[in-house]
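Letter by letter, the chains look like this.
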Amino acid sequence: MAASHSHLAQDVVTSRREGPVSIVTINYPPVNALGVEVRRGLMAALDAADQDTEVRAVLLLGAGRHFIAGADIREFGQPPQAPLLPDVCNRIEASAKPVVVAVQGAALGGGLEVVLAAHYRLALLGAKFALPEVTLGLLPGAGGTQRAPRLMGVEAALNLMLDGKPIGARQAQTLGLVDRLDDGTDPVQAGLDYARELLASGAPVRPTRDRRIPVADMPAASQALDAARALLNKKYRGLFSPARIVDAVQAVLDRPFDEGLRLEREYFLQCLDTPQRRALVHAFFAEREAAKVPEAGRAQPRALNRVGIVGGGTMGAGIAVAMLDAGLPVVMVERDETSLERGRANVAKVYDSLVKRGRMVVAERDRRLGLWSGATDYQALADADLVVEAVFEDMAVKSAVFAELDRVCKPGAVLASNTSYLDINQLAKTISRPQDVIGLHFFSPANVMKLLEIVVPEQVADDVVATSFALARRLKKIAVRAGVCDGFIGNRILAVYRQAAEYLLADGASPYQIDQAVRRFGFPMGPFQVTDLAGGDISWAARKRRAATRDPALRYVPIADRLCERGWFGQKTGRGWYLYPEGSRAGQEDPEVLAIVAEERLKMGAASRSFTEEDIMRHYMAAMINEAANVVHQGIALRPLDVDVAMLYGYGFPRHRGGPLHYADEIGLDAVLADIRAFAAEDPHFWKPSPLLVELVERGGHFKDLNQPAQG
Ligand code: 3HC
Ligand code: NAI
């Protein structure tokens, strides 16, 4: 992108005449975003077309794979530069000669608003249309809120704006967004043919602003607005821009077009100025930057056509499904026939459930399962280009598996471990080819969860890292590079803020109060709900395993142990922190749990006090931010943005807050440090300010200063 900013206006928008048609092409790689040069170029091209008496129609095109991917997101937060996009769209609509667009690839956001402002709209079959502004904390700000309802009706337009998801060309035509489909591959030819046809039939300019919502459609439109308002406190709870979208669309029914545009502009500027918009734009760029790691810049990925998986349990099966879904053939190795059969059944179960819910046809399930094969003999992995080990979390078991892989795998095969906590440096050293060993830490369920931590051991070869990032892209996962340590990026930070939740519990907050505070902050679930979902036995086993090595100076809160001793492991046993009567998944508060908590508090001699929701979140977030800072300080994460992306995609951190370190910058690092120091007065062993946080506060810096592109 940086290079493309140096384009001059005359490069990025070109005009040429083909008979009576002026062909105006936007050529602003990589995605024809509507940066200031493009906007200037479009204004100039339209003026020139209106003045040229030879020209009778304008054909507007985007060069490359996409039509236009929207406003230039990099300009948000900068001083606006004329001409503004709404003015460009108005200029298109006001053209004295018919303006035709021919869309290939994506027409998103401002790109779709250009389409809406044109007089005639053609799409190739592969075109996609979306108004994704809401995903950036915005609303369509170049006439989209006023023009889309006029073309598609209020309900469909609201859906497009509130969902932010793309629709295909056929659906766009059905909804009235597109006039004409073309099954060819050349937008220039298709657009020219259409423009000539329009000229031959004497088609006039056709401004969208002149359309009215038919009186007969008014009741349905009002209903759609009411339905959308009802969603604001549920699906869009806590978000700013969806309410503004509904208000802007309301104006289509109540106000003249120009007044609607004025309101839209006012709301757009309000949204632009919110922390939510900053957080969401940060998330957009952070997830793309996270894939840019030095190793991938230095080396090409190895060929990847066949995958092996060792272990067919929860993770092995989920990883297998992720691979099969991406069209990669999988060989699964298990320790015996019974376990292998269970592994196969675990994979089949996922597809069967999709078929049962009508989300997949039988033939497709069979095609994907056809790419799966199983074996109990490691020899079956001899052809694999990459093997993922997902056996028990036990160093002895894992090194025995790696010894087998070392023996049978072909030279150059990537040997990956899905370990959650174990030392991959040590694992790599046990075999003859440590350069091929890497951590691929999937999250459960592995075929659903977007995050993939790519754990980079000391001796790994650059092209193994590059291969792993290429794999993530193929699996449509968001990859984050992590260094080796106990828990890598995500689980390491989780352990610390989870501990903070235990301390809040011990000191007087109820588990239900903590969960509610965390949910209101924007997480889908609170920490105690998460434990009930994952199974309290798993963390209990981990606590017992670590008991011997636990720092005796750290406070230990045994409340969770008391629940586990009663066999209360959560959803799967019908009770845990919550009650789950008759297999229900929505938990109910349990007075017996509160009684146990009270009793244990007494035994611990902890002085019980009351916490407000704000107190709870200050503790929870300070713990998370502090450990996140340590993870960056120690080089486990390359940059603060890598931590943010891991927490967004693996741990339910609310996207509209951008991740813990973006959030820390927003609320002020001095405030975070002051909290940690205040909490340390009571518990100095747990609350130790991260050296990086202290350093940033001392020099008045921000985490975002450390987000420069990684060196290639
Ligand atoms: N502005 C600036 N840069 C953009 C951009 C945009 N609208 N869209 C994409 N880019 C950049 C990306 O950051 C990336 O840069 P990099 O190579 O330096 O990392 C590059 O273009 C390629 O993008 P992707 O890696 O995402 O490429 P894909 O081919 O996977 O996807 C895409 C292409 C579907 C267009 C996807 O980039 C996308 O969804 N873009 C965002 C679209 C969007 O949200 N538009 C709405 C903007 S808001 C708006 O229009 C306001 C208006 O109403 C006033
Ligand atoms: P699991 O117990 O469900 O599955 C392990 C499987 O490995 C079993 O099917 C077992 O038969 C098989 N196995 C054991 N020894 C074997 C051997 N020598 N050869 C072949 N197969 C063997 O365990 P789960 O949950 O799938 O975990 C696997 C790994 O993934 C662990 O390292 C775990 O830490 C990690 N992990 C687990 C996550 C989770 O949420 N469950 C999340 C991320 C990582």
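As the structure is a prediction and not an experimental result, all values here were calculated from the model.

K.L.:
When you look at the overall build of the chain in this model, what are you seeing that I'm missing?
P.N.:
Along the chain, the regular secondary structure elements total 30 helices and 19 strands. By the compact-globule yardstick of 27 Å for 712 residues, the chain fits well, its C-alpha radius of gyration being 28 Å. For the chain, the spread of C-alpha atoms along the three principal axes comes to 85 × 60 × 55 Å. Expressed as a percentage of its 712 residues, the buried residues of the chain come to 55%. Surface accessibility of the chain: about 30,100 Å² in total, with carbon and sulfur atoms responsible for 53%.

K.L.:
Would you mind going over the sheet that holds strand β7 (residues 128-130) with me for this structure?
P.N.:
Backbone hydrogen bonds hold the strands of a sheet together, and the pairing may be parallel or antiparallel. If you walk across this open sheet you meet the three strands as β5-β7-β8, and the pairing is mixed. Each edge of the open sheet carries a strand with a single partner, namely β5 (106-108) and β8 (167-168). Packed on one face of the sheet, helix α4 (residues 110-117) meets β5 and β7 and runs near 90° to β5.

K.L.:
For this particular structure, what's the right way to read the nonpolar core?
P.N.:
The nonpolar side chains of a soluble globular protein tend to be buried with one another. Counting 101 residues, the largest nonpolar core has L381, L405, I489, W577, V643 and F703 as its most contacted members. Looking at this core, the element that brings in the most residues is helix α26 (residues 613-633), giving twelve residues. When residues no more than four places from it in sequence are discounted, the contact partners of L381 are G308, I309, V310, V331, V333, V387, L405, V408 and C409. With 78 residues, the next largest nonpolar core counts A45, L46, L139 and L272 among its residues.

K.L.:
I keep staring at the confidence of the model for the chain and nothing clicks. Help me out?
P.N.:
It should be kept in mind that the predicted coordinates are not to be read in detail where pLDDT is low. Summing up the model confidence of the chain, the mean pLDDT is 96 and the portion of residues at 70 or higher is 98%. Across residues 1-7, confidence stays below pLDDT 50; counting only partners more than four residues off in sequence or on other chains, it has 14 contacts.

K.L.:
Explain the site of ligand 1 to me, please; I cannot follow it from the model alone.
P.N.:
Taken together, 26 residues form the shell around ligand 1, and within it G110, E113, E133, R288 and K292 come nearest. One of the side-chain N or O atoms of R74 is found 3.5 Å from an oxygen atom in ligand 1. R288 has a polar side-chain atom sitting 2.8 Å from an oxygen atom of ligand 1. Surface burial for ligand 1 is 78%, taken as the share of its 990 Å² of free accessible area covered by protein chains. For the shell around ligand 1, the secondary-structure elements that each account for two or more residues are α4 and α12 (275-289). Looking at the shell around ligand 1, the element that brings in the most residues is α12, giving three residues.

What counts and what doesn't
- Residues numbered from 1 in each chain as written.
- Chains lettered and ligands numbered in written order.
- Predicted model: local features only at pLDDT ≥ 70, side-chain atom pairs only at ≥ 80, totals over all residues.
- Heavy atoms only, no water.
- Helix = DSSP H or I, 4+ residues; strand = E, 2+ residues; numbered from the N terminus.
- Rg over C-alpha atoms; globule rule 2.2 N^0.38 Å.
- Buried < 20%, exposed > 50% of the residue type's maximum accessible area, 1.4 Å probe, protein only.
- Areas by Shrake-Rupley, 256 points an atom, 1.4 Å probe, with all protein chains shown as cover.
- Pairing = 2+ DSSP bridges.
- Contact = heavy atoms within 4.5 Å.
- Axes fitted to C-alpha atoms, helices over the stretch in contact; angles between N-to-C directions.
- Core = buried A, V, L, I, M, F, W, Y, C linked by side-chain atoms within 4.5 Å.
- pLDDT = per-residue confidence, 0-100.
- Near = heavy atom within 4 Å.
- Polar contact = N/O pair within 3.5 Å; in protein donor to acceptor, adjacent residues only side chain to side chain.

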